[in-house]
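# Summary of the model geometry
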Amino acid sequence: MLKYIFPEQASTFATRVDPMYYFLVIFSALVCVGIGGLIIYFAVRYRKIEGENRPSKALHSIALELTWTVIPGIGGIAIFAWGALLYNDFANAPEGALEIDVVGKQWMWKVQHANGMREVNDLHVPVGRPVKITMTSQDVLHDYYIPAFRVKHDVVPGKFTSIWFEATKTGEYHLFCAEYCGTEHSLMGGTVYVMEPEDYAQWLEGGPKTSPQESGQFLFEQRGCVTCHSGASGARGPNLMGVYGSTVTLGSGDEVVADEEYLRESIMQPALRVVDGFSPLMPSFSNQLTEEDVMDLVAYIKSLSAEEGAE
Ligand code: CUA
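### Here's the deal with the pattern of salt bridges
Enumeration over the complete set of coordinates arrives at nine salt bridges. Glu-265 is the salt-bridge partner of Arg-273, the closest N and O atoms lying 2.9 Å from each other. Given a relative accessible area of 12%, Glu-265 falls into the buried group. Because the salt bridges share partners, they merge into one network encompassing Glu-99, Lys-132, Glu-260 and Lys-302.

Written out as structure tokens, the structure is:
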């Protein structure tokens, strides 16, 4: 019975999220019953009775008030710290995670793996390896949700969001859209297949041979990005070699880490945050590229950093 309410634990997060969830439920129940019980008890015990003398003047005790303020205060901060540490791990994918792109649209999930293998709604991943999913939406707000992994995140039009997880056992698990997004919202989901690494590698071979990087490189040349981002000194656009993951200084003097979201923004709304020393010459590509194109371009720009790091 319980397994229908609480899904299987199939990721490294599941065994960390569940204890906190159970603790909060039980703790809240105890506090609720404790306070509610005392209210009822005091109401009956000290009710107004004819002839009974009940002075209404409350006693004042600094020690008592400090106790019931400080102890729950420390408890509250401890619970916050517990949640914050867990959230911090959830929000930062480890280096070297397997990268998979997901685009949500009414009403399907389009998935692209690192070698270009595509699938719709389903998701194939290897067991025992961190997987980072970079997501965006082509239309409205969606939400990528894999209950057995205890991961869930909004998928937002106009920006990238991401989740990561490490599956701990092979099998098939449900995948849902967890944000009401129109008529067929309830059908927007599928199955996550967690496979042995060899099986996953074999499954990947069944796909096309054009990786997101290669598609991105093709677009980079075909759309003329390379004209300004030539890498030469004096070029009209910044050199993109090694830019991913680095800190760049903007014209305003602010610094920004060039993550996926910044790269995306710089393609779609280039004038927003221009790198110091360059003019806002670049046109917006927001009506010219599909979300898949942008994912591919970002994959290509990221690969420029990986290559440099390998040298
Ligand atoms: Cu997409 Cu609900």
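### With respect to the sheet that holds strand S1 (residues 98-105)
Spatially, S3-S2-S1-S5-S8 is the arrangement adopted by the five strands of the open sheet, whose pairing is mixed. Only two strands of the sheet have a single neighbouring strand rather than two, namely strand S3 (118-120) and strand S8 (161-166). Across the sheet, the axes of successive neighbouring strands diverge by a mean angle of 25°, strand direction being ignored. Summarising the sheet, strand S5 (residues 130-137) and S8 pair through six bridges and their orientation is antiparallel. For Ile-133, the partnering residue across the bridge sits in S8 and is Ile-163.

### Points about the environment of Asp-293
Within the secondary structure, Asp-293 sits in helix H8 (residues 291-310). The buried category is assigned to Asp-293, whose relative accessible area is 17%. For the pair Asp-293 and Trp-203, spaced 90 residues apart in sequence, the C-alpha to C-alpha distance is 24 Å.

### Focus on the confidence of the model for the chain
Here the chain averages 88 in pLDDT, while 96% of its residues score no lower than 70. Here helix H1 (residues 2-5) is the element of the chain with the lowest mean pLDDT, 67, and strand S6 (residues 142-146) is the one with the highest, 96.

### Notes on the sheet that holds strand S7 (residues 151-155)
Reading across the sheet, the five strands line up as S4-S10-S9-S6-S7 and stay open at both edges, with mixed pairing between neighbours. Each edge of the sheet is formed by a strand with only one pairing partner; in this case those strands are strand S4 (123-126) and S7. Across the sheet, the mean angle separating the axes of adjacent strands is 20° when strand polarity is ignored. Examined bridge by bridge, S6 and S7 share five bridges and lie antiparallel to one another. Each bridged residue has a counterpart across the sheet, and for Tyr-145 the counterpart in S7 is Lys-152. With respect to the sheet, helix H4 (residues 197-205) is in contact with S4 and strand S10 (189-195), its orientation differing from that of S4 by roughly 135°.

What counts, and where the lines are drawn
- Residues numbered from 1 in each chain as written.
- Predicted model: local features only at pLDDT ≥ 70, side-chain atom pairs only at ≥ 80, totals over all residues.
- Heavy atoms only, no water.
- Salt bridge = Lys/Arg side-chain N within 4 Å of Asp/Glu carboxyl O.
- Buried < 20%, exposed > 50% of the residue type's maximum accessible area, 1.4 Å probe, protein only.
- Pairing = 2+ DSSP bridges.
- Helix = DSSP H or I, 4+ residues; strand = E, 2+ residues; numbered from the N terminus.
- Axes fitted to C-alpha atoms, helices over the stretch in contact; angles between N-to-C directions.
- pLDDT = per-residue confidence, 0-100.
- Contact = heavy atoms within 4.5 Å.

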